[in-house]
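# A look at the structure
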Amino acid sequence: MAVESTMAAKCTAEFVGTFLLIFTVGCNVLSGNAVWGGVSIASVLMVAIYALGNISGANFNPAVSLALGLSKAMGGPGLDFRTVGTYCGVQVLAGIVAALCYAVLFWDTFNLAPAEGFTFVGAGLCEILYTCMLCFVVLNCAASKRNNPPTDGNQFFALAIGFVIIAGGYAA
């Protein structure tokens with residue numbers, strides 16, 4: 001039987017995973033890596049999920065944490081809302097630290113805005129749809145008791161989650 005990780009270990013895992021994800025996104029944007037950027041980001045996310053998922057659940061995104069909180073509130077698997085709030089705070093902090101790190105590394109930053117030819121409404125709708133897809137895949141592949149029973153040892157969930165990022169990165 002596995003020992004439950006401490007909240008400090010869980011928060012550290014969430015910080016490291018979120019940091020790696022946001023740092024990779026920033027480095028890809030600032031280096032102009034349009035061709036392999038989606039695969040790079042998805043690969044880092046997948047590896048971080050495999051490495052840290054057994055510690056914290058590997059949410060690495062406030063939307064995923066919130067989805068898991070709502071799932072638990074409806075009687076399914078997931079997180080209590082105190083943990084959701086803690087994870088979201090840690091994830092935001094990790095994102096800010098990662099942004100500072102890639103800004104120092106490249107000595108440059110970027111504005112979060114739609115690319116030329118796209119509107120804020122279109123970009124926002126795309127973000128909402130792919131975030132919902134990400135949460136859907138997490139809930140059905142990683143958190144689902146039916147699709148991922150404790151006795152099965154499913155190890156494909158991180159790959160499925162990574163492919164959502166590839167789909168969003170290249171379709172958007």
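Relevant structure appears above.
Notes on the structure in this doc start here.

## Regarding the overall build of the chain
Helix and strand counts for the chain stand at six helices and zero strands. Whereas a compact globule of 172 residues would reach a radius of gyration of roughly 16 Å, the chain reaches 16 Å, a difference of no more than 12%. Projected onto its principal axes, the C-alpha positions of the chain cover 50 × 30 × 25 Å. Considering the chain as a whole, with its 172 residues, one finds that 33% of them fall into the buried category. When contacts within the chain are restricted to residue pairs at least 6 apart in sequence, long-range pairs at least 24 apart make up 67% of them. Entry remark: accessible area of the chain is about 10,200 Å², with carbon and sulfur atoms responsible for 70%. Both charge centroids of the chain, one from 5 positive and one from 7 negative side chains, sit 18 Å from each other.

## Quick word on the environment of W107
Among the structural elements, W107 can be located in the loop between α4 (81–106) and α5 (120–142). Residue classification places W107 among the exposed residues on the basis of a relative accessible area of 74%. Taking the C-alpha atoms as reference, W107 lies 9.7 Å from L30; in sequence the two are 77 residues apart.

## Comments concerning the packing of aromatic side chains
For the structure on display, the rule yields four aromatic pairs. Taking the centre distance of 6.4 Å and the plane angle of 15° together, the rings of F15 and F19 count as stacked. With F15 and F19 both in helix α1 (residues 7–31) and four residues apart, the pair spans about one turn of that helix. Ring geometry for F19 and F23: centres 5.6 Å apart, planes at 10°, overall stacked.

## Observations concerning the environment of S71
With respect to the helices and strands, the residue S71 is situated in helix α3 (residues 62–73). At a separation of 2.5 Å, a polar atom in the side chain of S71 contacts the main-chain carbonyl oxygen of P77.

## Here's the deal with the pattern of salt bridges
Counted by the stated rule, this structure contains one salt bridge. A salt bridge links K10 to E4; its shortest N-O distance comes to 2.4 Å.

## Observations concerning the packing of α3 against α4
Closest axis-to-axis distance for the α3/α4 pair is 9 Å, and the angle between their directions is 180°. The orientation of α3 with respect to α4, classified from their angle, is roughly antiparallel. Mapping the contact onto sequence places P62, S65, L66, G69, L70 and A73 in α3 and F81, V84, Y87, C88 and Q91 in α4. Classifying every residue of the contact of α3 with α4 by side-chain character gives eight nonpolar, three polar and no charged.

Here is what the cut-offs are and how they apply
Residues numbered from 1 in each chain as written. Predicted model: local features only at pLDDT ≥ 70, side-chain atom pairs only at ≥ 80, totals over all residues. Heavy atoms only, no water. Helix = DSSP H or I, 4+ residues; strand = E, 2+ residues; numbered from the N terminus. Rg over C-alpha atoms; globule rule 2.2 N^0.38 Å. Buried < 20%, exposed > 50% of the residue type's maximum accessible area, 1.4 Å probe, protein only. Contact = heavy atoms within 4.5 Å. Areas by Shrake-Rupley, 256 points an atom, 1.4 Å probe, with all protein chains shown as cover. Lys, Arg positive; Asp, Glu negative; His and termini not counted. Charge placed at Lys NZ, Arg CZ, Asp CG, Glu CD. Phe/Tyr/Trp six-rings, centres within 6.5 Å; stacked < 30°, edge-to-face > 60°. Polar contact = N/O pair within 3.5 Å; in protein donor to acceptor, adjacent residues only side chain to side chain. Salt bridge = Lys/Arg side-chain N within 4 Å of Asp/Glu carboxyl O. Axes fitted to C-alpha atoms, helices over the stretch in contact; angles between N-to-C directions. Parallel < 35°, antiparallel > 145°, perpendicular 65-115°, else oblique. Nonpolar A, V, L, I, M, F, W, Y, C, P; charged D, E, K, R; others polar.

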